[in-house]
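Listed here are the chains, written in short residue letters.
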Number of protein chains: 2
Amino acid sequence: MTNPSAPKKKASSEIPERTDIRTIARLANVSIATVSRTINRVATVNPKMAQRVWEAIEKLDFVPNTQARSLVSGRSKLFGLIVSEITNPFFPELIQGFEDIAVEHGYEILVSSTSYDPKRMSHCIRRMLERKVEGVAIMTFGIEEPLLVQLAKRKVPLVFIDFGPERPGISVLRVDYQHGIGQAVRHLAALGHRDIAFVTGPKRLHSAQSRLTAFMKSMSDFGIVPDSSRVVVGNHTLDGGAMAMEKLLSLKPLPTAVICSNDMSAIGVLHKLYRAGLSVPGDISIIGFDDIAIADVMMPPLTTVRMSRYDIAKAAFGALRSHVESPQESHCCREINISTSLVIRESTGAPRGSISPPRKGSV
Amino acid sequence: MTNPSAPKKKASSEIPERTDIRTIARLANVSIATVSRTINRVATVNPKMAQRVWEAIEKLDFVPNTQARSLVSGRSKLFGLIVSEITNPFFPELIQGFEDIAVEHGYEILVSSTSYDPKRMSHCIRRMLERKVEGVAIMTFGIEEPLLVQLAKRKVPLVFIDFGPERPGISVLRVDYQHGIGQAVRHLAALGHRDIAFVTGPKRLHSAQSRLTAFMKSMSDFGIVPDSSRVVVGNHTLDGGAMAMEKLLSLKPLPTAVICSNDMSAIGVLHKLYRAGLSVPGDISIIGFDDIAIADVMMPPLTTVRMSRYDIAKAAFGALRSHVESPQESHCCREINISTSLVIRESTGAPRGSISPPRKGSV
DNA sequence: CTGAAAGCGCTAACAA
DNA sequence: TTGTTAGCGCTTTCAG
């Protein structure tokens, strides 16, 4: 007992520096049970007593101790939220949504950004387990198998995005990449593009793979078989996008359009193009993915596939909550669909020479 | 006791579904005190026993319950971190730094984004109090007085940025706006600018005011007295910047340069200029403040005043930690200086007509 | 409807 | 050095 405010031994003449439920009970002249009931708004408490209790609480400015509460009730009212990269604007928007909803429902969240590092991820899962989270939303778009085991063993409700094991207590948010990316390809095709490149995300990221797959499928739907040199690996960061575009720039006939696995990559691409003195969409059309807030103020504003952070946050929280609060019917929400859709702005246009005769590619 | 794993009464033939310190003690054939000591790495435990304890822990995959631990020890190892706007990239970078440092030192953080809303702020302080945080970093660059009282009353160590009350247990991070903004003005003046506008942040934000003051002071250092029409109110968002620039655009002689109170505003300004068909820095020079990651990939890359998120995170954590772990010497760290400095990129140049004859604006 | 009492899982005197 | 024991602040049976 390091707690400095805790008296060593009970003594009748002790000054009660700490103000707990007992202090309130004494002041309100009721039992601690009544105080507890009042605070928890149990309907059966006599209004008169409740009134006295609230007054005492007000007067002493009492704040209940969540730790003690959780300890005895077995409910921490805490959810974990793991994201891969808090510096990618997509995630703060997601976190904000999740936090808003959680708080609204009386939950707190423990956020952790793992920077794609399995070590950090492992450590952070451990910490969450120690804090007795009631569920974890793993919004990293991919996870290492062993870490998963660590969590699943505990039977902590989990919600994944894109990819997760099929087990009770685990929900998966299925993002319909095909729809949005299909729209993107159709948009480009309608504009006259046939030579479309793709900047992927990190190879081990499941979501990045799904986006690529959706792209390939959409292309072949239009009878286009992209050759592999048009698919270049990025890493979902600004730099990664810039580097990917650099590679693309060295290609013999420059692709007339490029779709990126996320907006950060697309912005990197835009920047590299700016450096190269190429105009967008004049020389080349660009499409991103995510629709982060900044996409709208790029020069030019970025055409992109929107994936609603709010929908994701809401679905993730909902899944966790239903697992926690009604475990028996939790199977009903095992999979939730998240839709995506194209937002057309100004980074896409007809390819050079599609109407007027083709001319030499600049650069 | 809702806890479903908790047996109602002790019974000798109970299956111990829950694995706590007692279970470990039994398996390792030691007392619970020894288990506790082992976990807490108390040096005096017999290595042999410790070994047995660790094995049992390993075998049962035991994770200690932080809530119980905090409850008895009086140390939650939790810090609160309040930011104003998680969707402004400045903050995620700050959060990341703070989290890294905190975790490294065995602390957890509770993050909350208040969106400048005093109601949310109040609610979030309350929640943090309930969770028994040991300190709160209030990185909102401004706070309402009554909320402050709420916290100060509890004697929770606090660290503010820019502005905070002078009380024991409270540290303040003083940002040296004058240095960076002075550099910015000097840079512009050296380039030949005299007609420099300023886009402020929200009026009630202390930091925004300080930035404006630093600007005014720097201007007068160069003998320039900016007329008030050149100071336009923004709100530290993309939209706010765009709207501010719109106002500026209607000014009779367009200012030749504009300094913004933060990068988000500057990006909004850049975008509005792009819309207006004006070139940067050809027609007008722009300087931001913060140096968020995206500033470097703007078109053109934004000249801005850098304020290190990492320095702030480190200083904030350090202040909190020293208050918690050695309260007696906490007065030694009441004020910490944070420096700022100009990062020159490509959004600044000589004003039109200063050296070479003016040419038509490109688009 | 209210109060007394038994813990939640753990740490820290204190004694052995 | 190790074990025993008394709580941390709260919820929740269970009697009354």
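A look at the confidence of the model for chain A
Residue and element names in this part refer to chain A.
Consideration 1: Per-residue pLDDT for chain A averages 89, and the proportion of residues at 70 or more is 91%.
Consideration 2: Taken together, the stretch residues 1–16 has pLDDT below 50 and engages in 11 contacts with residues farther than four places along the chain or on a different chain.
Consideration 3: pLDDT under 50 marks residues 356–363. Its contacts with residues more than four places away, or in other chains, come to 5 contacts.

Notes on the sheet that holds strand 11 (residues 335–338) of chain B
All names here are of chain B.
Consideration 1: Taking strand neighbours across the sheet as the criterion, the 6 strands line up as 2-1-3-4-5-11 in an open arrangement whose pairing is parallel. Pairing within the sheet leaves two strands with one partner each, and these edge strands are strand 2 (108–113) and strand 11. Ignoring strand direction, the axes of neighbouring strands in this sheet form an average angle of 15 degrees.
Consideration 2: Here strand 4 (residues 158–161) pairs with strand 5 (residues 170–175) via 4 bridges, running parallel. Among the inter-strand pairings, F160 is bridged to a residue of strand 5, identified as V172.
Consideration 3: Packed on one face of the sheet, helix 7 (residues 145–153) meets strand 3 (135–139) and strand 4 and runs near 150 degrees to strand 4.

So, the relation of the copies chain B and chain A
Consideration 1: Screw-axis analysis of chain B against chain A gives a translation of 0.0 Å along the axis, an RMSD of 0.1 Å, and a rotation angle of 180 degrees. Those values place the two copies in the arrangement expected of a two-fold rotation axis. Identified as the residue of chain B closest to the rotation axis by C-alpha distance is Q67 of chain B, at 2.6 Å.
Consideration 2: When the interface residues of chain B are mapped onto chain A, 100% of them are again interface residues, pointing to one common binding face.

What about the packing of aromatic side chains?
Consideration 1: Considering all chains together, one arrives at 18 aromatic pairs over all chains under this definition.
Consideration 2: Ring centres 5.7 Å apart and planes at 50 degrees place the aromatic pair Y177 of chain A and F289 of chain A in the tilted group. Here Y177 of chain A is found in helix 8 (residues 177–191), whereas its partner F289 of chain A is found in strand 9 (residues 285–290), with 112 residues between them in sequence.
Consideration 3: A cation sits over an aromatic face here: K77 of chain B above Y107 of chain B, 4.5 Å from the ring centre.

Topic: the domain arrangement of chain A
Consideration 1: Along its sequence, chain A is organised into domain 1 (18–72), domain 2 (78–175 + 309–339) and domain 3 (177–306 + 342–362).
Consideration 2: Summarising the inter-unit geometry, the C-alpha centres of domain 1 of chain A and domain 2 of chain A are found 34 Å apart.

Details of the nonpolar core
Consideration 1: Grouped together as the largest cluster of nonpolar side chains are 156 residues, with contacts concentrated most on F98, M139 and I286 of chain A together with F98, M139 and I286 of chain B.
Consideration 2: Ignoring anything within four residues of it in the chain, the contact list for I286 of chain B reads V258, C260, A266, V269, L270, L273, V280, L302, T303, S347 and T348 of chain B.
Consideration 3: V63, L78 and I82 of chain A together with V156 of chain B belong to the second largest nonpolar core, which has 40 residues in total.

So, the pairing of strand 8 (residues 257–260) of chain A
Residues and elements named next belong to chain A.
Consideration 1: Neither face of strand 8 is left uncovered, since the one carrying A257 and I259 and the one carrying V258 and C260 both have all their residues buried.
Consideration 2: Pairing between strand 6 (residues 196–200) and strand 8: 4 bridges, direction parallel. Bridging from a neighbouring strand, I196 pairs with A257 of strand 8.
Consideration 3: In this fold, strand 8 hands off to helix 11 (residues 263–276), which returns the chain to strand 9; that crossover is right-handed.

Thoughts on the sheet that holds strand 7 (residues 231–233) of chain A
Residue and element names in this part refer to chain A.
Consideration 1: As summarised here, the arrangement of the 6 strands in space is 7-6-8-9-10-12, forming an open sheet in which the pairing is mixed. Two strands bound the open sheet, and with one partner strand each, they are strand 7 and strand 12 (340–343). Averaged over all pairs of adjacent strands, the angle between strand axes in this sheet comes to 20 degrees, irrespective of strand direction.
Consideration 2: Against the sheet, helix 9 (residues 206–221) makes contact with strand 6, strand 7, strand 8, strand 9 and strand 10 (303–307), and its axis sits at roughly 165 degrees relative to strand 6, the strand it touches most.

Quick notes on the pattern of salt bridges
Consideration 1: Counted under the stated rule, the structure contains 42 salt bridges over all chains.
Consideration 2: R230 of chain A is the salt-bridge partner of D195 of chain A, the closest N and O atoms lying 2.5 Å from each other. Separated by 35 residues along the polypeptide, D195 of chain A in the loop between helix 8 and strand 6 and R230 of chain A in the loop between helix 9 and strand 7 bring together distant segments of the chain.
Consideration 3: You can call D195 of chain A partly exposed: its relative accessible area is 23%.
Consideration 4: The exposure class of R230 of chain A is buried, given its relative accessible area of 6%.
Consideration 5: For R275 of chain B, the salt bridge goes to E346 of chain A, with nearest N and O atoms at 2.6 Å. Separated into two different chains, R275 of chain B in helix 11 (residues 263–276) and E346 of chain A in the segment after strand 12 make up a pair that spans both.
Consideration 6: With a relative accessible area of 42%, R275 of chain B lands in the partly exposed category.
Consideration 7: One connected set of salt bridges, linked through shared partners, spans R75, E134, R321 and E325 of chain A.

Overview of the side chain of D283 of chain B
All names here are of chain B.
Consideration 1: In this structure, D283 sits in the loop between helix 11 and strand 9 (285–290).
Consideration 2: You can call D283 buried: its relative accessible area is 17%.
Consideration 3: In terms of polar contacts, D283 uses its side chain to reach the backbone amide nitrogen of S279, at 2.5 Å.
Consideration 4: A distance of 2.4 Å separates a polar atom in the side chain of D283 from a polar atom in the side chain of R352.

Regarding unusual backbone geometry
Residues and elements named next belong to chain A.
Consideration 1: Backbone torsion omega between V280 and P281 reads 5 degrees, so that peptide bond is classified as cis.
Consideration 2: Tracing the sequence through the fold places P281 in the loop between helix 11 and strand 9.
Consideration 3: The omega torsion of the bond from M299 to P300 falls at 0 degrees, within 30 degrees of zero and hence cis.
Consideration 4: Inspection of the secondary structure assignment puts P300 in the loop between strand 9 and strand 10.
Consideration 5: For K77, which is not a glycine, the phi torsion comes out positive at approximately 55 degrees.
Consideration 6: When you line up the elements, K77 lands in the loop between helix 4 (66–73) and strand 1 (78–83).

A word on the environment of L342 of chain B
Residues and elements named next belong to chain B.
Consideration 1: Its location among the elements puts L342 in strand 12 (residues 340–343).
Consideration 2: Sequence-wise, L342 and H187 are 155 residues apart; in three dimensions their C-alpha atoms are separated by 8.7 Å.
Consideration 3: With residues near it in sequence (within four places) discarded, L342 still touches Q183, A184, H187, I287, T303, T304 and V305.

A look at the interface of chain B and chain A
Consideration 1: Listed by partner, the interface residues are 62 residues for chain B and 62 residues for chain A.
Consideration 2: Both faces considered, chain B and chain A share a buried interface measuring about 5600 Å² in area, 55% of it formed by carbon and sulfur atoms.
Consideration 3: For the pair chain B and chain A, the number of links is 24 residue pairs in polar contact (both at pLDDT 80 or more).
Consideration 4: For the side of chain B that touches chain A, the elements supplying multiple residues, two or more each, are helix 4 (66–73), helix 5 (90–104), strand 2, helix 6 (118–130) and helix 11 of chain B.
Consideration 5: Split by residue class, the side of chain B that touches chain A holds 27 nonpolar, 16 polar and 19 charged.

Thresholds, definitions, all that
Residues numbered from 1 in each chain as written. Chains lettered and ligands numbered in written order. Predicted model: local features only at pLDDT ≥ 70, side-chain atom pairs only at ≥ 80, totals over all residues. Heavy atoms only, no water. pLDDT = per-residue confidence, 0-100. Contact = heavy atoms within 4.5 Å. Pairing = 2+ DSSP bridges. Helix = DSSP H or I, 4+ residues; strand = E, 2+ residues; numbered from the N terminus. Axes fitted to C-alpha atoms, helices over the stretch in contact; angles between N-to-C directions. Least-squares fit on C-alpha atoms with pLDDT ≥ 70 in both. Phe/Tyr/Trp six-rings, centres within 6.5 Å; stacked < 30°, edge-to-face > 60°. Lys NZ or Arg CZ within 6 Å of the ring centre and 35° of its normal. Domains from an automatic or database assignment. Core = buried A, V, L, I, M, F, W, Y, C linked by side-chain atoms within 4.5 Å. Buried < 20%, exposed > 50% of the residue type's maximum accessible area, 1.4 Å probe, protein only. Right-handed = clockwise from strand over helix to strand, strands pointing away. Salt bridge = Lys/Arg side-chain N within 4 Å of Asp/Glu carboxyl O. Polar contact = N/O pair within 3.5 Å; in protein donor to acceptor, adjacent residues only side chain to side chain. Buried area = accessible area lost by both parts, 1.4 Å probe. Nonpolar A, V, L, I, M, F, W, Y, C, P; charged D, E, K, R; others polar.

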